[in-house]
Amino acid sequence: MPRMTMIEAIRSAMDVAMGRDDDVVVFGEDVGYFGGVFRCTQGLQQKYGRSRCFDAPISELGIVGAAIGMAAYGLKPCVEVQFADYVYPAYDQIVSEAARLRYRSNGEFTCPIVIRMPTGGGIFGGQTHSQSPEALFTHVSGLKVVVPSNPRDAKGLLIAAIEDPDPVIFLEPKRLYNGPFDGHHERPVTAWSKHELGEVLEGHYTVPLGRAEIRRPGAALTVLAYGTMVYVAQAAAEETGIDAEVIDLRSLLPLDLDAITASVNKTGRCVIVHEATLTSGFGAELAALVQEHCFYRLEAPIARVTGWDTPYPHAQEWDYFPGPKRVGEALIETMGA
């Protein structure tokens, strides 16, 4: 089985989808000739031609708006917004058009588009290249939101997203592109070639949207995480010695509530970890769901470990980033409550 970085797995997913279906088109800023700022689309224009993989003007609103029109016409666009921080000019198109098209047409039209975006920090990108805006999309009826944490899932989830008849927001944690990251920035990076989840099947396969995965079995406490925070949570559990069960949500909408409730009902304790800011972050929705469905089995208050309610700083990146020390403190406190 070949080993891939997440970049290579995402590229492989688009390659497979384009090879299987001529209606799949890929475009965005620098996506064609240049191969994307992170090289996720490298080689696709040479293989499929400039009518199926092409560069777009520097206009996120225009990129997404054109994709919606293509989707209504019958194509299946997979577009790249260069950084998640740049999506805001396109937000109206996503919310008012893409998410509503099936509903407002009474099912006559669907909007099979995928909007790929590198997300999160950990690369010294500062306030305009490090944001995690997933909660802005999980609030919108009609959208699906996916956050892979490894190459194997990334390929299967992206193929599933491209084949889905409705719009999917596909958020790619850029700190994981070349290897898993446990939050210890002072350590050398481990390459995906040395990690079991770097093994990626060749050809076509899908990972179903809406199905979480247990990354670390445990009985004492449940950690709900996604993206980069999956590895931070695993590191915190190992370093504190707490028998924590780490759930990789993978898909935020649809959400695998059954997996969440089964774990929390078993452990009786829950810590939620995400990189986005605290207030109105997706962790608030997770906490509400756990409280609603697991209240009588909870033995301690639900804890959240997140980014701070400030713009993402450049100089103090590791004070903002929810590292294993902060997560470990939350685990210890929750166990002692």
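Relevant structure appears above.
Residues numbered from 1 in each chain as written. Predicted model: local features only at pLDDT ≥ 70, side-chain atom pairs only at ≥ 80, totals over all residues. Heavy atoms only, no water.

### Description of the overall build of the protein
When helices and strands are tallied, the protein shows 12 helices and 12 strands. Residues classed as buried in the protein amount to 58% of the 337 residues present. By sequence separation, contacts in the protein at least 24 residues apart represent 79% of the contacts at least 6 residues apart. When the accessible surface of the protein is summed, it comes to about 13,900 Å², and 52% of that surface belongs to carbon and sulfur atoms. In the protein, 29 positive and 42 negative side-chain charges are present, and the distance between their average locations comes to 3 Å. (Helix = DSSP H or I, 4+ residues; strand = E, 2+ residues; numbered from the N terminus. Buried < 20%, exposed > 50% of the residue type's maximum accessible area, 1.4 Å probe, protein only. Contact = heavy atoms within 4.5 Å. Areas by Shrake-Rupley, 256 points an atom, 1.4 Å probe, with all protein chains shown as cover. Lys, Arg positive; Asp, Glu negative; His and termini not counted. Charge placed at Lys NZ, Arg CZ, Asp CG, Glu CD.)

### A short note on the nonpolar core
One finds Met14, Leu158 and Leu331 to be the most contacted residues of the largest nonpolar core, which totals 61 residues. At 9 residues, helix α1 (residues 6-20) tops the list of elements feeding residues into this core. Ignoring sequence-local partners within four residues, the contact set of Met14 consists of Val26, Cys40, Thr41, Leu44, Cys78, Arg116, Leu158 and Ile162. Counting 47 residues, the second largest nonpolar core, distinct from the first, contains Ala56, Val81, Ala84 and Tyr226. (Core = buried A, V, L, I, M, F, W, Y, C linked by side-chain atoms within 4.5 Å.)

### Focus: unusual backbone geometry
Omega for the peptide link from Leu253 to Pro254 comes to -5 degrees, which places this bond in the cis form. Position of Pro254 relative to the elements: it lies in the loop between β10 (251-253) and α9 (257-267). If you check the backbone angles, Asp30 has positive phi at about 65 degrees while not being a glycine. Note that Asp30 resides in the loop between β1 (24-28) and α2 (44-48). We classify Asp30 as partly exposed; its relative accessible area is 39%. Of note, Phe124 is a non-glycine position whose phi angle comes to about 60 degrees, a positive value. Counting through the fold element by element, Phe124 comes out in the loop between β4 (114-119) and α6 (134-138). According to the relative accessible area criterion, Phe124 is partly exposed, its value standing at 42%.

### Concerning the side chain of Thr119
Looking at the secondary structure, you find Thr119 in strand β4. Judged by its relative accessible area of 7%, Thr119 falls in the buried class. Contacts of Thr119, omitting those with residues within four sequence positions, involve Ala84, Gln131, Ser132, Pro133, Leu171, Glu172, Pro173 and Lys174.

### Let's talk about the sheet that holds strand β11 (residues 270-277)
Taking strand neighbours across the sheet as the criterion, the 5 strands line up as β7-β9-β8-β11-β12 in an open arrangement whose pairing is mixed. Two strands close off the open sheet at either side, each with one partner strand: β7 (213-216) and β12 (303-307). For this sheet, the mean inter-axis angle between neighbouring strands, taken without regard to orientation, is 25 degrees. Direction of pairing for strand β8 (residues 221-225) relative to strand β9 (residues 244-248): parallel, over a ladder of 5 bridges. Bridging from a neighbouring strand, Leu221 pairs with Ala244 of β9. (Pairing = 2+ DSSP bridges. Axes fitted to C-alpha atoms, helices over the stretch in contact; angles between N-to-C directions.)

### With respect to the packing of helix α3 (residues 60-73) against helix α4 (residues 91-98)
Two elements in contact, α3 and α4, have axes separated by 8 Å at closest approach and are oriented at 20 degrees. Classified by the angle their axes make, α3 and α4 are roughly parallel. Within the contact between the two elements, α3 uses Leu61, Val64, Gly65 and Ile68 and α4 uses Gln93, Ile94, Glu97 and Ala98. (Parallel < 35°, antiparallel > 145°, perpendicular 65-115°, else oblique.)

### Digging into the packing of aromatic side chains
On inspection of all chains with the given rule, the structure shows 13 aromatic pairs. On the basis of an interplanar angle of 50 degrees and a centroid distance of 5.8 Å, the ring pair of Phe181 and Trp318 is categorised as tilted. Within this pair, whereas Phe181 is found in the loop between β6 (168-173) and β7, its partner Trp318 is found in helix α11 (residues 317-320), the two being separated by 137 residues in sequence. For Phe181, a relative accessible area of 4% gives the class buried. The lysine or arginine in question, Arg39, covers the ring of Phe34, its NZ or CZ lying 4.0 Å from the ring centre. Here the basic side chain of Arg175 rests over the ring of Phe181, its NZ or CZ set 3.7 Å away from the ring centre. (Phe/Tyr/Trp six-rings, centres within 6.5 Å; stacked < 30°, edge-to-face > 60°. Lys NZ or Arg CZ within 6 Å of the ring centre and 35° of its normal.)

### Considering the side chain of Asp85
Locating Asp85 in the fold gives a position in the loop between β3 (76-80) and α4. Buried within the structure, Asp85 lacks any salt-bridge partner; Lys174 is the closest side chain of opposite charge, at an N-O distance of 4.8 Å. A distance of 2.9 Å separates the side chain of Asp85 from the backbone nitrogen of Ser130, its partner in a polar contact. Only 3.0 Å separates the side chain of Asp85 from the backbone nitrogen of Gln131, close enough to count as a polar contact. Discounting residues that sit within four places of it in the chain, Asp85 has contacts with Gln127, Thr128, His129, Ser130 and Gln131. (Salt bridge = Lys/Arg side-chain N within 4 Å of Asp/Glu carboxyl O. Polar contact = N/O pair within 3.5 Å; in protein donor to acceptor, adjacent residues only side chain to side chain.)

The analysis is restricted to geometry; functional conclusions fall outside its scope.
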